[in-house]
Amino acid sequence: MRWTTQAVDVDDGALPGLGRSDLVRRVQTPEFDGITFHEVLCKSALNKTPEASRLPFEYTVNTFRGCSHACRYCFARPTHEYLGLDAGHDFDAQLVVKTNVAAVLRRELARKSWKRQHVALGTNTDPYQRAEGRYRLMPGVIGALAESGTPFSILTKGTLLRRDLSLLTLASRQVDVRLSVSLAIGDLELQQQIEPGTPSPKARLDLIRAITDAGMSCHVMVAPVIPYLTDSRRHLEGLFAGLAAAGASGVTVIPMHLRGSTRGWFLSWLGSEHPALLPRYRRLYGRGAYVGREYTRWLEARVDPLVEQFGLGSGRKAPRTAALPAPVRERETIGPPTLF
């Protein structure tokens, strides 16, 4: 990979969470102003999810750690603390790139012990965030999974997935491929405030349409629904109408949860932009990470008629409102960086 007008720095202890003795190359470029890429060689690609996580899949692959989408509510933010980085600005701007992830994954999938369990991508950070346009990690990952006969799913906010639609269509002829787009904010101004690094709502609707035009099903994660900001009937009705028109097969709706350091990061923004909502959030969340059952029931009562109205109850079998388990800490090791 060639960066234009880049700055490269190498040291032996840039990210303590990856091991003090590991070499980490740091790359900065004007194309990604304010972002530092830590290029590493991973020694493992498949992450086994603990049984306690209650996830509907056993394995994940994450091509990046950290995410330039910079979603203020992102539940994966605390995982950056495992690297000795903070869950706020560092999560948005200090990105770990596993440059050899496809080769390592291919080797792991070739083991006799591999039983072709379902592998999920996009469960921690987005595999189609902007940097994927430069690093092009996903084509190799998709090829490795399909050629090994391993079913997989992708969840993304990134419209870069359109680049790989032909690969995904081909892969779907070999294995079960499930695509989901995350879109929970239909208001452009609010989306730019809360998810400043993500493609616009219209761009993601166009992505859904492109997926369905390619003959594949596209589920939509309406997640998270942000109390008092995106849970009005008007907002949800407009959003669901757009999803139906784009050809979405179904939706899963998840109210926002605020675990660990994500809570402070989001509430800091809320206090700055919508200070009048802070007392309501304290009542709604208390000292915990989840909304109370009363709000969940209220949201279900609001969502269910809209799901029925717009025909979004089909597709993947999943509850229309759900809660995600805690993010999984990757059990992986990292080696020295690749060189040009």
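Since we're looking at a predicted model, the values are computed, not measured.

A.B. asks: Please clarify how the overall build of the protein chain should be interpreted in this entry.
C.D. replies: When helices and strands are counted, the protein chain shows eleven helices and 13 strands. Here the analysis covers contacts within the protein chain between residues at least 6 apart in sequence; of these, 77% occur between residues at least 24 apart. Total accessible area on the protein chain stands at roughly 15000 Å², and carbon and sulfur atoms take up 50% of it.

A.B. asks: Can you help me understand the side chain of His219 in this one?
C.D. replies: Tracing the chain through its elements places His219 in strand S11 (residues 218-225). Looking at His219, its side chain comes within polar contact range of the side chain of Thr252, at 2.8 Å.

A.B. asks: Can you help me understand unusual backbone geometry in this one?
C.D. replies: Negative phi is the rule for most residues except glycine; trans is the rule for most peptide bonds. With an omega of 0°, the peptide bond running from Ala223 to Pro224 counts as cis. Along the chain, the position of Pro224 falls in strand S11. Phi at Tyr228 is positive, roughly 70°, even though this residue is not glycine. By the secondary structure assignment, Tyr228 is in the loop between S11 and helix H8 (233-246). Overall, Tyr228 belongs to the partly exposed group, its relative accessible area being 29%.

A.B. asks: Please explain empty space enclosed by the protein as it appears in this structure.
C.D. replies: Regions of empty space are outlined by a rolling probe, equal in size to a water molecule, passed over the atoms. Going through the model one piece at a time under the given rule, you end up with one cavity of 30 Å³ or more. What the largest cavity holds in volume is close to 40 Å³. For the largest cavity, the full set of lining residues is Val61, Asn62, Thr63, Phe64, Leu121, Gly122, Thr125, Asp126 and Pro127. In terms of residue class, the lining of the largest cavity is built from four nonpolar, four polar and one charged.

What counts as what
- Residues numbered from 1 in each chain as written.
- Predicted model: local features only at pLDDT ≥ 70, side-chain atom pairs only at ≥ 80, totals over all residues.
- Heavy atoms only, no water.
- Helix = DSSP H or I, 4+ residues; strand = E, 2+ residues; numbered from the N terminus.
- Contact = heavy atoms within 4.5 Å.
- Areas by Shrake-Rupley, 256 points an atom, 1.4 Å probe, with all protein chains shown as cover.
- Polar contact = N/O pair within 3.5 Å; in protein donor to acceptor, adjacent residues only side chain to side chain.
- Buried < 20%, exposed > 50% of the residue type's maximum accessible area, 1.4 Å probe, protein only.
- 1 Å grid on protein atoms, 1.4 Å probe; cavity = no way out; pocket = protein on both sides within 12 Å on 5 of 7 lines; lining within 4 Å.
- Points joined across faces, edges and corners; volume = space filled by probe spheres on them.
- Nonpolar A, V, L, I, M, F, W, Y, C, P; charged D, E, K, R; others polar.

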